[in-house]
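# What the coordinates show
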Amino acid sequence: MNNSLSHKIAALLLAVLMLMTLGACGSEEAEVQDTTIPVTVGEAETGDLILQNTYIGTLTAGESVYVVPLAAGEITGVYVSVGDRVEEGQLLMTIDDEAAQLSLSSAEATYAATVATMNQTTGSTYDLTDLQLDSNIQSIKDSISAYTDNVDDAKDSKSDLEDSLEDTETAAAQAAAAYQQAATAYATAVEAQKTLVAYDVLSDAELRAVLEDPENEAYAACSAVHDLLVEWGTSVDRLDSYIDGLEGDMDAAAEQLAAVSSAESTIQSGIDSLDSAIKQYRQAVSSYRDALALAEDSAEITQGDLREETQAILDAQLDAVSVAVEAAEYQLSLYQITAPISGIVESVSAEEHGFAGSSAAFVISDKASMTATFYVTEEVRNALTTGQAVTVERNGKTYSGTITEIGVSLDLTQGLFKIKASVDAEEGALASYTTVSVTTDTYRQEDAVLVPYDAVYYGDDGAYVFLAKDGKAVRTPVQTGLSDETTTAVTEGIASGDLVVTSWSPDLSDGAALSYETSAGGVTVTPSEG
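Residues numbered from 1 in each chain as written. Predicted model: local features only at pLDDT ≥ 70, side-chain atom pairs only at ≥ 80, totals over all residues. Heavy atoms only, no water.

## Some remarks on the sheet that holds strand 9 (residues 355–356)
Taken in spatial order, the four strands line up as 7-6-4-9 in an open sheet, and their pairing is antiparallel. The open sheet terminates on both sides in strands that have one partner only, identified here as strand 7 (336–338) and strand 9. Both strand 4 (residues 73–78) and strand 6 (residues 91–95) contribute to a ladder of three bridges, which runs antiparallel. Each residue of the ladder has a partner; that of Val 78, found in strand 6, is Met 93. (Pairing = 2+ DSSP bridges. Helix = DSSP H or I, 4+ residues; strand = E, 2+ residues; numbered from the N terminus.)

So, in C-alpha cells, the structure goes:
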C-alpha cells in the first residue's frame, strides 16, 4: 500500500517535472519566433503636386517674309548673305533697269510738254489775275485773323486788369482797415495822455506814486492808463514819442489808402479803354468779313464758267501724264530690291549676273521674337493659362518662355489644340522651322496630403494605404488625385501627420503587428530588425 502510494507520488512528480520542462521549452521557442513585420513608415505631408508634360514644338520667327522680285531681268548686284542682319529698307539686290530708266525719261518729257502747253493756253494773264485775286483774298483773311487776335488779346488784357482790380479792391479794404486801426490807436493814446495831464501825472515817478496810494482820487484812472502803457510797451516819459509814432503810422496808412485808391481808378480806366477797343476790333472783323465775301464772289465771276471748264480739261491732261510719271517711277523702283522688314536673312537664291524671275530671291525673318508652336489635348488646354512659364530645349540648350496664345478651337489637321509660346533667346540663336521640346506645368493639385507612390495599393473596393497605429497595420481606404513616379496626392481618407507604411511585405495585412521605430524628431524610415 505504502509502496503503491510512493510510486503514484513519484509518477505525479515526474509528470509535473515533464510539464515544467515542456513549458520552459515552449517559452524558449516563443522568444525565438517574432511574428511582427518589419516595415518602413513615413509621415504623410501636406503640399502641392505639380505634373509637367513635354511636347514637340516647331519654332517660327515673329515674322518671316519671302522677297519676290516684281521685275524680271539680269541681276546686277547681290549685297547680303545668309545670316546677315538687315534693316527695313536696306538694299538687297539690283536688277538691270536700263529699259525702266528710258520709260521714266519718256514719261517725264511728256509731262514737261503738257505743262508747257497748259501755260501757253492759260497765259501769264491767268496767272497774274489769279495771283492778284488770291493775294487780295489772303490779305483780307489775314486782316480778319489779326483783328480776331486783337479781340482775344484785349479780352485777355481786360481779364488781367479785372483780376488786378479785384486785388486792388482787396488792398484798398486792407489799407482802410490799417488806417482805421492806426487812427484808433492814436486816439486811444491821446486820450490816455489827456487823462494823465488832467491828474497832473507827467512822469513815471509821479505815476508810481499815484499807483502806490489806492486812496488817491487818480488811482483808478491812472491804473487803467498804466495797463495801456504796459500793453503798448512804453511809459509816461516816452508817451509823447509813442504818440508821434502812432501819428506817423496813421499818416502812412492814409498815404497807402490814397495810393491804392488811385491805382484802382487807373485800372478801371484801363478796363473801360479795353472795352472800347474790343468793340472797335469786332466792328473791323465784321467789315473785313463782308469784304472777304465780296472778294470771293468777284474771283468766281472773274474766272467764269468757261475758264473753269478749260482748266478742268487741262487738269485732266496733266493728271494723266502725272500718273504716267508715277507709274514709270514705280516700275523703276522695282529694280531696287529692298528689305521689307528688319531681321535675319534666312536664305538667298539670287546670284549676280543671274536672272531675276518670279521665285523668292530672299527669305528674311524677324528673330527678335521666336515662337514655339505645339499641340495639346483639350484636358491639358483647359489647365494652361496665358503668361504661364515654359521651358524650351534645343540641342542640349534650354530657354525660358511664356505661353502667349491658347487655341480656342480644335486644329483639324492635328486633332489637338494649338498653343503658342514666346521664347526668350538671343536673336539668331534659334533657327526657324526647327523642332524643340517644350515643357510646362499641365496639372496641379494644391494643399493635398502627399504619400509615396508605392505606399498606395489598389483592390476591388478601390485604393487603400496601411497606417501604422499602436504598432499595428490599419488598412485605410483613400481617394487619390494626381500622382507621378514618386508621389501620390490623397484627397480623402488620411490626414497630414499620419504614419503611412511605405514598404511592401507579403505578410502585410489589416491588423498585422509591425516593427518600426519613431523618434522625437519624426519617423525613422529604416526598417526595424526582427
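Anyway, onward from the coordinates.
## Things to note about the confidence of the model for the protein chain
Of the residues in the protein chain, 91% have a pLDDT of 70 or more, and the chain-wide mean is 86. Confidence drops under a pLDDT of 50 for residues 1–30, and excluding neighbours within four residues, the segment shows zero contacts in the predicted structure. (pLDDT = per-residue confidence, 0-100. Contact = heavy atoms within 4.5 Å.)

## Side note on the pattern of salt bridges
Enumeration over the complete set of coordinates arrives at eight salt bridges. Close ionic contact of Glu 162 with Lys 158 constitutes a salt bridge, the shortest N to O distance being 4.0 Å. Highlighted residues: Glu 162 and Lys 158, both in helix 2 (residues 98–198), separated by four residues, approximately one helical turn. For the salt bridge of Glu 446 with Arg 444, the shortest nitrogen-to-oxygen distance reads 3.8 Å. A single network of salt bridges, built from pairs that share partners, joins Lys 158, Glu 162 and Asp 275. (Salt bridge = Lys/Arg side-chain N within 4 Å of Asp/Glu carboxyl O.)

## Concerning a negative patch on the surface
Where like charges cluster on the molecular surface, the negative patch consists of Asp 149, Asp 152, Asp 153, Asp 156, Asp 160, Asp 163, Glu 166, Asp 167 and Glu 169. Along the chain, Glu 169 falls in helix 2. The exposure class of Glu 169 is partly exposed, given its relative accessible area of 40%. (Patch = residues over 30% accessible without salt bridge, like charges linked within 9 Å, V, L, I, M, F, W, Y side chains within 5 Å. Areas by Shrake-Rupley, 256 points an atom, 1.4 Å probe, with all protein chains shown as cover. Lys, Arg positive; Asp, Glu negative; His and termini not counted. Charge placed at Lys NZ, Arg CZ, Asp CG, Glu CD. Buried < 20%, exposed > 50% of the residue type's maximum accessible area, 1.4 Å probe, protein only.)

## With respect to the packing of aromatic side chains
In the structure shown here, the tally under the stated rule is seven aromatic pairs. When the centroid spacing of 6.1 Å and the interplanar angle of 50 degrees are considered together, the rings of Tyr 147 and Tyr 281 count as tilted. You can see Tyr 147 sitting in helix 2 and its partner Tyr 281 sitting in helix 5 (residues 239–333), a full 134 residues away along the chain. Judged by centre distance (5.8 Å) and plane angle (70 degrees), the ring pair of Tyr 457 and Phe 466 falls under edge-to-face. According to the relative accessible area criterion, Tyr 457 is buried, its value standing at 15%. Following the ring pairs from residue to residue traces out a cluster consisting of Tyr 147, Tyr 281 and Tyr 288. Against the face of Phe 417 rests Arg 381, its NZ or CZ located 5.3 Å from the ring centre. Positioned above the aromatic ring of Tyr 464, the side-chain terminus of Arg 475 is 3.6 Å from the ring centre. (Phe/Tyr/Trp six-rings, centres within 6.5 Å; stacked < 30°, edge-to-face > 60°. Lys NZ or Arg CZ within 6 Å of the ring centre and 35° of its normal.)

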